[in-house]
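# Structural features, examined
One-letter residues, chain by chain:
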Amino acid sequence: MVGLDGVNIMTELFDSTAAKIVVATQRGDSINRVAKKIGTSYSWTHEWVEKLKDARIIGSTDSGLRVVDHEMRQRYVEMLAAVYRRNTVSQEDAYLIPHFAGMEFAFTKIDAAYVWTKGGFQIARSHDDYPVFIQVHDRDVERWIAFFEQFGVETTINDRPNADDVEGPVHYVLIPETEGFDVAWVDGNPVLPLAAAVEQMTATRPAYEPALEIIADEYDIDIDATHYSAEPTDRTVSDG
């Protein structure tokens, strides 16, 4: 029989921040990376991680954090999905929700430019029509579709849909890869590595010229129409 103290602890743990921490955590993540993923301060995330460790929902390994109570993780997924289905997904949340899937992904195309410029570049999107482009493993496509459906968000594969054909402003465009792919981390977001992102942008340079200028300045690299050299420092590809 669970005592009142136990009930109070479990009630406290049904919190949106606790849910986001557990659902966003991948094995080996640091507290800092989880904090950046969910957009919460390190100190507040650390405090919640300690509570979740005490409750034996999250544990630690030599390389970082890991989820140990997968039944509780699933409850948190269902809780968050119910909340997001009731509201229009915001642009900010559009970059948070994929972290809850428990599958590897990387922001690509427009969103590679958006992430590498730290939100400084946007193109061909609006508040009423906001596709988010993510690279995924081909083997995971059906799981991604089911996951986003659970959160009330539509998906397409490879091609951006007409805005009139989808419900809500935010929708996801899955870019499947049959081979493995590399991932860089920028401010808590997994993204196409800088060299590959620049290569994508230079393929349609006129549209991405502002982004290329921001990247050249931010990461101190030389970019021209036919050649670039990119050697990002650790700060550009790791959140710790």
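Our structure's up above, just so we're on the same page.
Residues numbered from 1 in each chain as written. Predicted model: local features only at pLDDT ≥ 70, side-chain atom pairs only at ≥ 80, totals over all residues. Heavy atoms only, no water.

We now examine the overall build of the chain. Within the chain, the regular secondary structure consists of 11 helices and 10 strands. When contacts within the chain are restricted to residue pairs at least 6 apart in sequence, long-range pairs at least 24 apart make up 67% of them. Carbon and sulfur atoms form 46% of the exposed surface of the chain, whose accessible area is close to 12,300 Å². (Helix = DSSP H or I, 4+ residues; strand = E, 2+ residues; numbered from the N terminus. Contact = heavy atoms within 4.5 Å. Areas by Shrake-Rupley, 256 points an atom, 1.4 Å probe, with all protein chains shown as cover.)

A few words now on the pattern of salt bridges. Side chains that differ in charge, positive against negative, can pair when their charged atoms come close. Summed over all chains, the structure comprises 10 salt bridges. Here glutamate 47 and lysine 51 are joined by a salt bridge, their closest N and O atoms 3.9 Å apart. Here glutamate 47 pairs with lysine 51, and both are found in helix α4 (residues 42-54), just four residues apart, close to one helical turn. Across the pair glutamate 71 and arginine 75 runs a salt bridge, and its minimum N-O distance is 3.1 Å. With glutamate 71 and arginine 75 both in helix α5 (residues 70-85) and four residues apart, this pair spans about one turn of that helix. Overall, the relative accessible area of 40% leaves arginine 75 in the partly exposed class. Three or more residues joined by partner-sharing salt bridges are found here, namely Glu12, Glu47 and Lys51. (Salt bridge = Lys/Arg side-chain N within 4 Å of Asp/Glu carboxyl O. Buried < 20%, exposed > 50% of the residue type's maximum accessible area, 1.4 Å probe, protein only.)

Structurally, the position occupied by histidine 171 is in strand β6 (residues 170-177). Among the polar contacts listed, one links the side chain of histidine 171 to the backbone oxygen of proline 169, at a separation of 3.4 Å. In this view, histidine 171 contacts Asp129, Tyr130, Pro131, Val132, Val153, Glu154, Pro161 and Val166; residues no more than four positions away in its chain are not counted. (Polar contact = N/O pair within 3.5 Å; in protein donor to acceptor, adjacent residues only side chain to side chain.)

Ranked by size, the top nonpolar core spans 71 residues in total, and within it Tyr76, Trp144 and Phe151 carry the most contacts. Once residues lying within four places of it in the same chain are set aside, the contact partners of tyrosine 76 are Leu13, Phe14, Asp15, Ala18, Ala19, Val22, Val23, Leu52 and Ile57. (Core = buried A, V, L, I, M, F, W, Y, C linked by side-chain atoms within 4.5 Å.)

Let's shift gears to helix α10 (residues 205-219). Here α10 contains 15 residues, and its C-alpha end-to-end distance of 18 Å is more than 12% below the 21 Å for a straight helix at 1.5 Å per residue. Most pronounced at alanine 211, the bend in α10 amounts to some 40°. (Expected span 1.5 Å × (residues − 1). Bend = angle between axes of the 7 residues up to and from the residue.)

Before going further, it helps to examine a negative patch on the surface. Taken together, Glu154, Asp164, Asp165 and Glu167 make up a surface patch of like negative charges. Judged by relative accessible area, aspartate 165 falls into the exposed class, the value being 58%. (Patch = residues over 30% accessible without salt bridge, like charges linked within 9 Å, V, L, I, M, F, W, Y side chains within 5 Å. Lys, Arg positive; Asp, Glu negative; His and termini not counted. Charge placed at Lys NZ, Arg CZ, Asp CG, Glu CD.)

Within the secondary structure, histidine 137 is located in strand β4 (residues 130-137). In this structure, histidine 137 is in contact with Glu104, Glu177, Glu179, Gly180 and Phe181, ignoring residues within four places of it in sequence.

Take the packing of aromatic side chains next. With the rule as written, the count across this model stands at 17 aromatic pairs. A centroid spacing of 6.1 Å and a plane angle of 90° characterise the contact between tryptophan 144 and phenylalanine 147, whose relative ring orientation is edge-to-face. In this pair, tryptophan 144 and phenylalanine 147 are both assigned in helix α8 (residues 141-150), three residues apart and thus about one turn of the helix distant. Its relative accessible area of 0% is what places tryptophan 144 among the buried residues. Here the aromatic cluster, defined as three or more aromatic residues joined through ring pairs, consists of Tyr84, Tyr95, Phe100, Phe105, Phe107, Tyr114, Tyr130, Trp144, Phe147, Phe148, Phe151 and Tyr172. In this arrangement the basic side chain of arginine 33 is found over the ring face of tryptophan 185, its NZ or CZ atom lying 4.0 Å from the centre. Arginine 125 extends its terminal NZ or CZ atom over the ring of tyrosine 130, reaching a point 4.2 Å from the ring centre. (Phe/Tyr/Trp six-rings, centres within 6.5 Å; stacked < 30°, edge-to-face > 60°. Lys NZ or Arg CZ within 6 Å of the ring centre and 35° of its normal.)

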